[in-house]
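What the coordinates show
The lines below spell out each chain.
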Amino acid sequence: MATLDRQTPTLVLAHALAAAERGLPVIPLTASKLPALRSPHHGETPRVPCKGECGLPGHGVHDATTDPAAVRALFAAAPRATGYGIACGRAPHRLIGIDLDVDPDTGNDSVGALRLLGLQHLFTLPPTVTVLTPSGGRHLWFTGPAHLAVPNSASRLAPGIDVRGAGGYLVGPGSATARGVYRLAPGTAHLEPAPCPRALLHLLAPPGRPRHAPQNSSAPSAPGRQGEGLVRFVRAARAGERNTRLFWAACRAYEHGYGDELADALTTAAVHAGLPVHEARATIASAARLTSGRPDPL
C-alpha cells in the first residue's frame, strides 16, 4: 500500500499541470481513483442530468481541462486529491487508453492476448507512452482520429483488456493510489502518444450494422479472387513478416470456408517468400485450429 504524505497533493498538482501543458485535460482523483469533487447535484430529486452546464465543478470527467488556472482551482477545491485523471477522446490528442490488467488468480495473459490480436488482424504496436500500474499492469496511450469516438469497454477485446475512450479517463503517471504509484515505463517518458494502428482502431470502433447473410451462407465460399489476393499477399512477404502474413491469410481463408482448398497455394506462396515448407504448414494448421475453436497443443 502506498504511503501518502503531506507533499503528495503538491506533487500530484505539479504532474497534472505538466500533463495539461501537453494538451491533456485533467481532473483531480482520490486515492481510490475516483473523481475527487462531489457532485453539486448530490441528493437532488429528481436527479439532474448535468454534464457541467451548471458551471459548477463536480461533474467527473466533464470537469477535465487544460487551462492551468482552472486546474489549480479544481485541485484547490479538492485538497485531499492524491492523483489525477486524464480525459480520453478529447482534442487535441483524442486519447485512447488500452488497459492491460494482470490477474494472477485467473491466469489471464492480457499482453499475450493483445499480441495474438495483432497476429490475427495484422497490426503491430508502435512505441508509445506506457504507464505502469501498481498492480503490475500497464496502460498504452494512443491517439485517435477526429471523426471516430471510441467507446469504453471492459474485456470486450479479450479477458483483461479494457479500453478507455470517449467519456472515460486514465489515471495519470505520478498519481498515488491506495495500492501504489502510477509511473511512466522506462524509455517512454520522451514519447508522444502514437497514432492507434488502423486495424486495432477497427476493433475498438463501435460495431456497424450487421450485414445480411447471403443466401446459402452455410455453404463454403469458393476461393475466387479473394483467395488469389491472399496468396499474393503471402507471396509478397518480406523477412520478418512471413509468418505473420501467412497466419493472417490462412485465418481469413478458414473464416470464409475455403481454408483447406487454399492451403496448398498458401504453402507454395510462403515457400516462395522464404519460409521452410514444414514451418508454413505448421502455421496454416495453427490458423485452422484457431478459427475452428480448437486450442493449439502445448
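A few points on the structure. (Residues numbered from 1 in each chain as written. Predicted model: local features only at pLDDT ≥ 70, side-chain atom pairs only at ≥ 80, totals over all residues. Heavy atoms only, no water.)

As a further point, take the nonpolar core. With 30 residues, the main nonpolar core has Val26, Val71, Phe75, Tyr84, Ile86, Leu95 and Trp141 as its most contacted residues. Counting residues per element, the ones that place at least two in this core are helix H1 (8–21), strand S1 (26–29), helix H2 (68–77), strand S2 (83–87) and strand S10 (169–171). The dominant element in this core, judged by the number of residues it contributes, is H1, at 6 residues. (Core = buried A, V, L, I, M, F, W, Y, C linked by side-chain atoms within 4.5 Å. Buried < 20%, exposed > 50% of the residue type's maximum accessible area, 1.4 Å probe, protein only. Helix = DSSP H or I, 4+ residues; strand = E, 2+ residues; numbered from the N terminus.)

Running from amino to carboxyl end, helix H6 (residues 242–255) crosses helix H7 (residues 259–273) at an angle of 165°, the nearest separation of the two axes being 10 Å. Taken together, the axes of H6 and H7 are roughly antiparallel relative to one another. Read as a crossing pair, H6 and H7 show a hand that is right-handed. In this structure, H6 contributes Arg242, Leu246, Ala249, Ala250, Ala253 and Tyr254 to the contact, and H7 contributes Gly259, Asp260, Leu262, Ala263, Leu266, Ala270 and Ala273. Residue classes in the contact of H6 with H7 are distributed as 10 nonpolar, 1 polar and 2 charged. (Axes fitted to C-alpha atoms, helices over the stretch in contact; angles between N-to-C directions. Parallel < 35°, antiparallel > 145°, perpendicular 65-115°, else oblique. Left-handed = near helix turned anticlockwise from the far one by under 90°. Contact = heavy atoms within 4.5 Å. Nonpolar A, V, L, I, M, F, W, Y, C, P; charged D, E, K, R; others polar.)

As a further point, take the packing of aromatic side chains. For any pair of aromatic rings, the description rests on two quantities: the centre-to-centre distance and the angle between the ring planes. Scanning the model with the defined rule gives 1 aromatic pair in all. In this structure, arginine 245 is placed above the aromatic ring of phenylalanine 233, and the distance from its NZ or CZ to the ring centre is 4.2 Å. (Phe/Tyr/Trp six-rings, centres within 6.5 Å; stacked < 30°, edge-to-face > 60°. Lys NZ or Arg CZ within 6 Å of the ring centre and 35° of its normal.)

What follows covers the environment of glycine 60. Residue placement: glycine 60 occurs in the loop between S1 and H2. Once the C-alpha coordinates of glycine 60 and tyrosine 169 are considered, the two residues, 109 residues apart in sequence, prove to be 9.5 Å apart. Once residues within four sequence positions are removed from consideration, glycine 60 is found in contact with Ile27 and Pro35.

Take arginine 252: it is sitting in helix H6. Excluding residues within four positions of it along the chain, arginine 252 makes contact with Gln120 and Leu230.

With that out of the way, let us pick up helix H3 (residues 110–121). For H3, built from 12 residues, the straight-helix expectation of 16 Å at 1.5 Å per residue is met to within 8% by its first-to-last C-alpha distance of 16 Å. Those residues of H3 not exposed but buried are Ser110, Gly112, Ala113, Leu114, Leu117, Gly118 and Gln120. Among the residues trailing H3, leucine 122 stands out with phi positive, at a value near 60°. (Expected span 1.5 Å × (residues − 1).)

For the rest of this paragraph, the subject is the pairing of strand S3 (residues 95–100). A regular strand places its side chains on the two faces of the sheet in alternate fashion. Counting buried positions along S3 gives 6 out of 6 residues, so the element sits mostly inside the fold. Residue alternation in S3 divides its side chains into two sets, Leu95, Gly97 and Asp99 and Ile96, Ile98 and Leu100, and both sets are buried. In this sheet, strand S9 (residues 161–164) lies alongside S3 in antiparallel orientation, the contact comprising 4 bridges. Following the sheet pairing, aspartate 99 is matched in S9 by aspartate 162. (Pairing = 2+ DSSP bridges.)

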